[in-house]
Structure formats: structure tokens, C-alpha cells
Amino acid sequence: MSPRDKSASRDVEQAAIIAAKPDVTPAQNTKKVFIKTYGCQMNVYDSERMADVLSPIGYAPVDAPDDADLVILNTCHIREKAAEKVYSELGRIRQHKEKNKPNMKVAVAGCVAQAEGAEIQRRAPVVDMVLGPQTYHKLPEMIAKVHRNTGDVLETEFDTIEKFDQLPKTRNVKGFSAFLTVQEGCDKFCTFCVVPYTRGAEVSRPVQQIVDEARDLARQGVREITLIGQNVNAYMAEGPDGSDWGLGQLIRHVALIGGIDRIRFTTSHPRDMDDDLIRVIGTEPKLMPYLHLPIQAGSNKILRAMNRDHTYAEYKALIAKIRAARPEIALSGDFIVGFPGETELDFEETMKCVEEIGYASSFSFKYSVRPGTPGASMLRQVDEDVKQDRLVRLQELLYAQQEAHNKSLIGKTLSVLVEGTGRKGGQLFGRSPYLTGTHFDGPEELVGQIVDVKIEEAGRNSLVGVLAV
Ligand code: SAH
Ligand code: SF4
Ligand code: F3S
């Protein structure tokens, strides 16, 4: 645990910052926008930024589409199911619009917008605007066009630098933990994945821009920042000294910001895990001991076919190095079962990988064929029932490891960032350094603070403890 987390004086300072938090909803907002977010953390960040862009033109965010003037679906294209969800939601929105709110405008943003473009308006004429992930700064312009009724609006240009330069400098944040995009896009072209096509090439934001945004978050009472990117550890951009800085240097710099007491980063690719970043993992107390480092599959043959560009042995050696630098680190990973050509023997190598590495949490998926990716035209696609069987076996192992990790925390005292009150009266809810949801009794004044909690019970998904004094 970081000694900083124990500092009572810091908590008092922090309480003062929270008390001074400005009212984030400007009174002049008369229109309502409902933004529904699908997919990854980057979409969560983007949805918040769209709300920031819309606020100066009079839109206040609402939690339901019922009386919204504008509905934005921020979509995900990663698997077929995710993409199809959008069309069923659009069907519901069309009905609602026809019955109750004929003037409502509908926008589709995110990765489905980028991937399918004008096809969306053909399939769902209720949609007024289609906007790709690099165009959110242009929202006011697009809304004006829709209201002038100059036809459907479609924006799918890639200009990541322009987007970040033009997004509002201040953000309206609600909680105490926030995402901050430092890198966007992907040049890796894993053969199963749509992201390089939907998010474009890898682009990193300059250090100063990120530090300014992090300071703004700290001013608003944020205590934990998760630096995000599709390949966050490929981060490389100009530092204040004019030279190129990697993610390790960026983390050291963000760690200097007062009020920010916890730092995380996600998602990393094993190929971009350099020695400087590993040094920072080993030495920076504000960096939480939790690392999401996907391998996808354990078989070298499948890793090659996926174009992951590393072997299982290389991944294992990398994990050993990271664990030597920070022995208490908990690992999380992503896994795909049933990639084309995956035999039972290949799958068993994924099981062996999980047994050998040991994961505190994980995300596991059946391979989903994505149009336009190399995997879609590969021979020897795996049957759905085989994929299902393998997923069940893999998840049984992964979930057992997750539960065992949580149980290993019983009796330990963990620092918990209190995010809010629990469902039961007098109960608080927060996150452990390992991101595990943690429940304990305590006064509401502790919301927004980092407190020590002694863990007494552990399930697969959460921990229960008592305030340590
Ligand atoms: N950039 C990250 C992952 C982004 S997508 C990385 O490289 O790790 C998040 C996860 O979705 C991936 O790690 C992968 O496990 C899963 N995924 C991506 N495409 C998929 C597909 N076609 N079918 C099933 N799962 C997929
Ligand atoms: Fe997709 Fe691979 Fe890029 Fe991750 S590294 S976003 S899985 S192509
Ligand atoms: Fe989905 Fe796009 Fe994220 S496809 S996972 S929303 S980058």
C-alpha cells in the first residue's frame, strides 16, 4: 500500500477540494441529451467529452431517453453481438420518437458509426447523424446542420490531433475516479480485431495536454486517474523538454500532480512493455499494483495466426520480470477461444497458460467473425458449440483464480477509494488497489477519500471489510 494513501492531512485537503466542487450543470441548459455508452473505457471517456462539447450549446445530460431532445448511441463494433445491439436499440428509439417525441434527434457515434457509416442510415432511417470517434469536436456543427434540415449528416474523418486540440479544455466530472485518453488507435492489426479500422492509426497526445487535463481533474476532486489507450503502452509523444516520452515518463509526471493519489493505465500490449515502464511499475507508489496485460491464447501457433507478434515463452518471461519489479502485482488478461484453426491441443495450451500465470481477473470471449478482418476469411473456423464448450472450461478456471485471489486478501488491510454509499444504510462502496468492489460500514463523509479497510469476507466479485483505525 502506498504511504501516501495513509496521509490524513491529504484527506482533509481533499475534502476541501470536494466541498468547493462547482455545480457542473450550467443553469442556461434547456435541452436534454441522453448518451448511451457501449464497449470499452475509451467510449466512456468519449461520451463524457461529447457531453462537454454539448454543454456550451445548451444541452444537459439526462439518464434516460424519455424526454431527451437528442439521443446519442456511442457504439462498439468489437464482436458481432455488440454491433447488433445498436440496431435493436435504434428500433426502440424509433418507436419512442414516433409515439412521444417527434422532434427528437438521433445520433450514432463510436466504432459502429466508423465501421458502417452511411449503411446505418440505410438500415435505420431514424438516425439523423453518424459520427466516427475522431469527430466529436464537430458535434455542434453537425447538430446545426440537422436542424437546418440539410440532409443526413455523416462524419467519419480521422483527425485525432485536431479532435484533442479542439475539445473543451475543462471537463465536467462527477466521481472521484476518471479515465483520461492519452493514446488512441492501433497499428497492431491482430487478425481478429476491428479496432485498427475503427479508431485509425496510433496517435499519442502531447504530455503537456495530458498533464493540464489531469490537473483539471484534480481540481474537480478526482483522486484516481486511469490513463487509457487502445495500446496505452505504445504511448510516445513530445515531453516538456522537447524529447519523446514513453508511458513510464508520462506516469512519473502525472504522479507529481497533488490530489491525484492513484494512477492506473490500460490496455497494454505485451510487445510494448518496455524496461522503463517496468521500472515505474516497481517504483511509483501512486501506480496501483494491478496490470491488464492480455495474451488472448496460449498456443504459439494461434498467437502467430492472430499476429500478436510474441510467443507464450516471451509473455511468461515478461510477467516474471514485472513480478520481480512488483511482487504484489495482480494480473488481468483477455482471452479468445475458438480462433480459426484452434484445435483441442491449442486450447489446452491456453488453459496451461492460465494455470501457470495466474490471473486475479479476466475477460474471455468466443471468437466472433468480424467483416473485413483477416480472421474472417481464414479456413478452419471453429464450430459454435466447440467455442461454447471451451469458453465454459476456461471461465471455470479463470473464475476460480479470481475467487482465490480475493480470498487471499482476507485478513489484509487494503486502501480503498470510497466511490459512494452502498445499497444498505450506513454502508460505503469503493475500490481496492486491485479494482475489486469493496463494501464496508462507515460515515458518508468518507466518500471521495482513500481509507484503510480490513478485509473480512471475499466472494468472486467483491470484498467485504471493516474500516481500519
Ligand atoms: N487493445 C487491446 C484490446 C482491445 S479489444 C489489446 O490489444 O489487448 C478488447 C478485447 O476484445 C481483446 O483483447 C480481445 O480479447 C477481444 N476481442 C477483440 N476482437 C474480438 C473478436 N473478433 N472476437 C472475440 N473477441 C475479440
Ligand atoms: Fe485490437 Fe490487437 Fe490493436 Fe488490441 S492490439 S486493439 S486486439 S488490433
Ligand atoms: Fe468497441 Fe471501439 Fe472500444 S470497437 S472495444 S468501442 S475501441
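Residues numbered from 1 in each chain as written. Chains lettered and ligands numbered in written order. Predicted model: local features only at pLDDT ≥ 70, side-chain atom pairs only at ≥ 80, totals over all residues. Heavy atoms only, no water.

S.K.: I'd like to hear about the site of ligand 3, residue by residue, with values.
M.R.: Near ligand 3, the surroundings consist of Cys40, Asn43, Thr75, Cys76, His77, Ile78, Cys111, Arg199 and Gln230. In terms of residue class, the shell around ligand 3 is made up of four nonpolar, four polar and one charged. (Near = heavy atom within 4 Å. Nonpolar A, V, L, I, M, F, W, Y, C, P; charged D, E, K, R; others polar.)

S.K.: Describe in detail the site of ligand 1, supporting the description with residues and values.
M.R.: Lining the immediate surroundings of ligand 1 are 15 residues, of which Phe192, Gln230, Gln296, Asp334 and Ser368 lie closest. In the environment of ligand 1, a nitrogen atom lies 2.8 Å from a nitrogen or oxygen atom belonging to the backbone of Gln230. Interatomic distance of 2.6 Å between a side-chain N/O atom of Asp334 and an oxygen atom of ligand 1. Against a free-state accessible area of 540 Å², the protein chains account for coverage of 89% of ligand 1. Residue composition of the shell around ligand 1, grouped by class: six nonpolar, four polar and five charged. (Polar contact = N/O pair within 3.5 Å; in protein donor to acceptor, adjacent residues only side chain to side chain. Areas by Shrake-Rupley, 256 points an atom, 1.4 Å probe, with all protein chains shown as cover.)

S.K.: Give me the domain arrangement of the chain: which residues, what numbers.
M.R.: Looking at the chain, the domain boundaries give domain 1 (16-159), domain 2 (173-288), domain 3 (289-408) and domain 4 (413-467). Each of domain 1 and domain 4 has a C-alpha centre, and these two points are 34 Å apart. (Domains from an automatic or database assignment.)

S.K.: Tell me about the confidence of the model for the chain, residues and numbers included.
M.R.: When the pLDDT values of the chain are averaged, the result is 92; 94% of them are 70 or greater. Here residues 1-27 is a poorly scored stretch, pLDDT under 50, and it has 42 contacts once near neighbours within four places are set aside; other chains count. (pLDDT = per-residue confidence, 0-100. Contact = heavy atoms within 4.5 Å.)

S.K.: Talk me through the nonpolar core; I want residue IDs and the actual numbers.
M.R.: When a protein is soluble and globular, its nonpolar side chains tend to lie buried together. Grouped together as the largest cluster of nonpolar side chains are 55 residues, with contacts concentrated most on Leu227, Phe265, Met273 and Tyr359. Ranked by residue count, the leading element in this core is helix H9 (residues 207-219), at six residues. For this core, the two domains that each supply at least three residues are domain 2 (173-288) and domain 3 (289-408). Apart from the residues lying within four places of it in its own chain, the contact partners of Met273 are Asn233, Phe265, Ser268, Ile278, Ile281, Leu291, Leu293, Leu318 and Ile322. (Core = buried A, V, L, I, M, F, W, Y, C linked by side-chain atoms within 4.5 Å. Buried < 20%, exposed > 50% of the residue type's maximum accessible area, 1.4 Å probe, protein only. Helix = DSSP H or I, 4+ residues; strand = E, 2+ residues; numbered from the N terminus.)

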